[in-house]
Amino acid sequence: MPPTPDLDAFELLGRHCRERDLFELVAIHSVLVARKAQEIARARLERRPAEAIDLDFLAEASLLHDIGVARCNAPEILCRGTEPYIRHGVLGREILESEGLPRHALACERHTGAGITREEVLEQGLPLPDRDYMPVSIEEKIICVADKFYSKTPARIWDERSPDAIRSDLARWGPRVVERWDALCRDLLP
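Residues numbered from 1 in each chain as written. Predicted model: local features only at pLDDT ≥ 70, side-chain atom pairs only at ≥ 80, totals over all residues. Heavy atoms only, no water.

Helix and strand content of the chain: nine helices and two strands. Secondary structure elements in the chain, listed N-terminal to C-terminal, are α-α-α-β-β-α-α-α-α-α-α. Relative to the 2.2 N^0.38 estimate, which gives 16 Å for 190 residues, the radius of gyration of the chain is 16 Å and therefore close to what a compact globule would have. Expressed as lengths along the three principal axes of its C-alpha atoms, the size of the chain is roughly 40 × 40 × 35 Å. Here the chain holds 190 residues, and 50% of them are scored as buried. Looking at the chain alone, contacts between residues at least 24 apart form 63% of all its contacts between residues at least 6 apart. (Helix = DSSP H or I, 4+ residues; strand = E, 2+ residues; numbered from the N terminus. Rg over C-alpha atoms; globule rule 2.2 N^0.38 Å. Buried < 20%, exposed > 50% of the residue type's maximum accessible area, 1.4 Å probe, protein only. Contact = heavy atoms within 4.5 Å.)

If you trace the backbone, His104 turns up in helix H5 (residues 102–109). His104 sits in the buried class, given a relative accessible area of 5%. Dropping the residues within four chain positions of it, His104 is found in contact with Thr4, Leu7, Phe57, Glu60, Ala61, Leu64 and Leu96.

A few words on the pattern of salt bridges. Taken as a whole, this structure holds 27 salt bridges when the rule is applied. In this structure, Glu99 and Arg15 form a salt bridge, with 2.8 Å as the shortest nitrogen-oxygen distance. You can see Glu99 sitting in the loop between helix H4 (88–98) and H5 and its partner Arg15 sitting in helix H1 (residues 9–16), a full 84 residues away along the chain. The class for Glu99 is partly exposed, based on a relative accessible area of 28%. A relative accessible area of 35% means that Arg15 is categorised as partly exposed. Between Asp130 and Arg118 there is a salt bridge, and its shortest N-O distance comes to 2.6 Å. One end of the pair, Asp130, is in the loop between helix H6 (118–124) and helix H7 (138–148); the other, Arg118, is in helix H6, and 12 residues separate them in sequence. With a relative accessible area of 45%, Asp130 lands in the partly exposed category. Residue Arg118 is classed as partly exposed on the basis of its relative accessible area, which comes to 39%. (Salt bridge = Lys/Arg side-chain N within 4 Å of Asp/Glu carboxyl O.)

So, about the environment of Glu119. Tracing the backbone through its elements, the reader meets Glu119 in helix H6. Judged by relative accessible area, Glu119 falls into the partly exposed class, the value being 45%. Expressed as a C-alpha distance, the spacing of Glu119 and Ile77, which sit 42 residues apart in the sequence, is 28 Å. A polar contact of 2.6 Å, which involves the side chain of Glu119, links it to the side chain of Arg176. (Polar contact = N/O pair within 3.5 Å; in protein donor to acceptor, adjacent residues only side chain to side chain.)

Ile40, Leu58, Ile142, Val145, Phe149, Trp181 and Leu188 are the most contacted members of the largest nonpolar core, which totals 27 residues. Taken together, the elements giving at least two residues each to this core come down to helix H2 (20–47), helix H3 (55–64), H7, helix H8 (163–170) and helix H9 (175–188). Ranked by residues supplied to this core, first place goes to H7 with six residues. When residues no more than four places from it in sequence are discounted, the contact partners of Leu188 are Ile40, Arg44, Arg47, Ile138, Lys141, Ile142 and Val145. Counting 23 residues, the second-largest nonpolar core is a separate cluster that includes Leu78, Leu101, Cys108 and Ile157. (Core = buried A, V, L, I, M, F, W, Y, C linked by side-chain atoms within 4.5 Å.)

In structure tokens:
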């Protein structure tokens, strides 16, 4: 599909991440994630040339995947909002739906961790609506994986992490999350 007409991802980020330091942080992180997502997608297409991956959408959604952080309270990554950080995907979905971008909104909501199941929301009492937050489309899965390679912590923003380091970090959320990460890596990474 062609790029979304009139979509300027950086203008949209700037409207919602109004503080300059936060905008710069989210923009840098999002560009790195978009670059990694394109790298993952192109490598996959080399292995599976018949597969359909919407590279234009992938780039756009990668740039917008963290738009909801502006409403979150995470001062260590310059977020001065009031919402718990775990809600940034849900908040991003609300923002992107209000901007007329429903497909981008779903990618935003489904990129957290290695996905979050409805069962995990209920078991852990997460402050999320009662539903699944699992990446579904190939583009959503790629964004979910690409996002984990880069932190939004200012001191480490440029550092690309390895899949094993990511796996170790995700282990704190339990074996199911690690199993999902491993499955995503087997499916998407060469």
